[in-house]
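Descriptive analysis of the structure
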Amino acid sequence: MTAGVAPGGSELVDRVADRLARTGSLATPGAVAAALRAEGSLVAGQAVLDIVGAVRSELTGAGPLDDLLADPEVSDVLVNGPEEVWVDRGGGLVRVGVRFRDDAAVRRLAQRLAASAGRRLDLARPTVDARLRDGTRLHAVLPPVSPTGTLISLRTSRRRAFTLEDLVSRETVAPGLAEVLRDLVRARASFLVTGGTGTGKTTLLSTLLSLAAPTQRLVLVEDSGELRPDHPHVVRLEARQANVEGQGEVDLRDLVRQALRMRPDRLVVGEVRGGEVVELLAALNTGHEGGCGTVHANTAAALPARIEALALAAGLGRDAAHSQLAAGLDAVVHLVRDRRGARRVAEVGVLQRGPDGLVHVVTALTPAAADGRLARGPGAGRLDDLTGRSRVSAS
């Protein structure tokens with residue numbers, strides 16, 4: 001239900017919004033009052049102003065989802081039809097009490113959000129993947145592609161970067177691991193943050209980029225702008241999808257090439273998931289230290305196979321992909337979601353090339369489940385060398 005509207009008033013808001021939409025009227029107090037009279041509803045004073053706000057939200061915002069999207073703890077809002085809305089506040093998906101009048105209301109919201117992003121959503125194009133003006137990622141599907149009704153998936157854009165201390169307090173990063181990650185950034189090691197969907201890869205990468213020296217120029221290449229590092233020198237490049245005529249596309253691979261001409265101290269690819277991996281590997285092998293990004297992978301050990309698959313699809317041979325991976329990438333930081341739905345860094349690994357020429361991830365550090373202390377793996381010495389911690393220990 002919309003905040004400020006009396007119980008049972010959500011249907012009235014829907015009817016008023018429908019009436020104004022049909023007539024093309026703006027949601028002014030006078031127009032809303034006239035629509036209320038036409039609906040046979042006698043409302044006055046503050047109640048009219050409450051309904052004005054609710055109607056404006058319905059016509060220009062995210063309607064019943066506005067309050068959820070405004071919650072700084074919410075990362076995802078998922079609508080599975082008019083009776084089923086779920087949110088993720090960092091502890092896994094939880095069903096909430098928000099309802100729509102019917103599937104037509106869900107459909108109108110999906111189409112309005114798509115239109116605000118300059119995209120079509122109709123029977124001819126029943127799916128949409130777009131970014132809203134505030135950075136929220138929208139995905140929507142219409143029937144009959146989704147037989148049970150209209151589906152909407154919204155992923156909010158973080159309004160601020162978490163500090164490393166924030167992530168420690170949230171138990172995403174073990175206390176002993178925080179300084180290791182800080183040293184990894186300070187040493188300008190190249191690394192990738194891996195994990196499954198919704199494990200917090202972008203949040204962690206934003207946090208680590210905030211630790212880069214203020215004299216460094218960060219060039220971010222993203223499909224949609226989600227990274228929010230707290231840093232004084234950030235340059236952003238965002239991909240552009242083709243228009244309805246199929247023209248004007250600018251993909252990540254093109255943007256990585258452009259970024260290399262912009263004197264980056266750190267080249268960052270928000271999410272590596274296509275041919276841009278070839279340009280990124282080339283950059284990491286030609287003097288661009290401190291490069292980083294995120295990659296979907298179920299385990300840290302699965303990263304080389306994932307990179308190999310992306311490189312092969314882009315025309316880079318297996319041997320070349322592993323050679324460049326071994327020479328250009330230093331470390332992997334892997335995130336998981338535990339059984340409670342909480343996000344946490346589960347492993348830091350380093351890369352090692354085997355006798356067969358293939359690259360493998362070797363575990364360096366894993367937080368102990370009980371007390372957060374770090375267990376050292378066979379790659380710990382290599383990680384110490386990368387971060388300079390071996391020199392500190394020796395001294």
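Treat the numbers as computed from the prediction; the structure is a model and nothing was measured.

With that settled, the discussion passes to the pattern of salt bridges. Tallying each qualifying case throughout the model produces 24 salt bridges. Here Arg257 makes a salt bridge to Asp254, at a shortest N to O gap of 2.9 Å. One end of the pair is Arg257 and the other is Asp254, both in helix 9 (residues 252–260) and three residues apart, which spans about a single turn. The partly exposed category is assigned to Arg257, whose relative accessible area is 32%. Connected via shared salt-bridge partners are Arg253, Asp254, Arg257 and Glu279.

It is worth spelling out the confidence of the model for the chain at this point. Summarising the model, the chain shows a mean pLDDT of 86, and 84% of its residues fall at 70 or more. Confidence drops under pLDDT 50 across residues 1–8; counting only partners more than four residues distant or on other chains, this segment forms ten contacts. The low-confidence segment residues 391–395, where pLDDT is below 50, has one contact with residues more than four positions distant or belonging to other chains.

Attention now goes to the nonpolar core. Formed by 35 residues in total, the largest nonpolar core has its most connected members in Val173, Leu177, Phe191, Leu204, Leu205, Leu209 and Leu383. For this core, the element with the highest residue contribution is helix 7 (residues 175–186), accounting for six residues. Excluding its chain neighbours within four sequence positions, the residues that come into contact with Leu209 are Leu218, Leu220, Leu227, Pro229, His231, Val268 and Cys292. Core analysis: the next-biggest nonpolar cluster, separate from the first, contains 33 residues, Leu255, Leu267, Leu280 and Ala300 among them.

What counts and what doesn't
Residue positions are given per chain, counted from 1 along the sequence in the order it is written. For a predicted model such as this one, the threshold for reporting local features is a pLDDT of at least 70, and the threshold for listing and counting side-chain atom pairs is 80 or more; totals across whole chains, interfaces and linings nevertheless cover every residue. The side-chain figures draw on all heavy atoms in the structure; neither hydrogens nor water molecules are used. One speaks of a salt bridge when a side-chain nitrogen belonging to Lys or Arg is within 4 Å of a carboxyl oxygen belonging to Asp or Glu. Only DSSP runs of H or I with at least four residues qualify as helices, and only runs of E with at least two residues qualify as strands; both kinds are numbered from the N terminus onward. Accessible area is worked out with a 1.4 Å probe on protein chains only. A residue is then buried under 20% of its type maximum, exposed over 50%, and partly exposed in between. Every residue carries a pLDDT, the predictor's confidence in it, which falls somewhere between 0 and 100. In this analysis, two residues are considered to be in contact whenever any of their non-hydrogen atoms come within 4.5 Å of each other. Nonpolar cores are built from buried Ala, Val, Leu, Ile, Met, Phe, Trp, Tyr and Cys residues. Side-chain atoms within 4.5 Å join them into one set.

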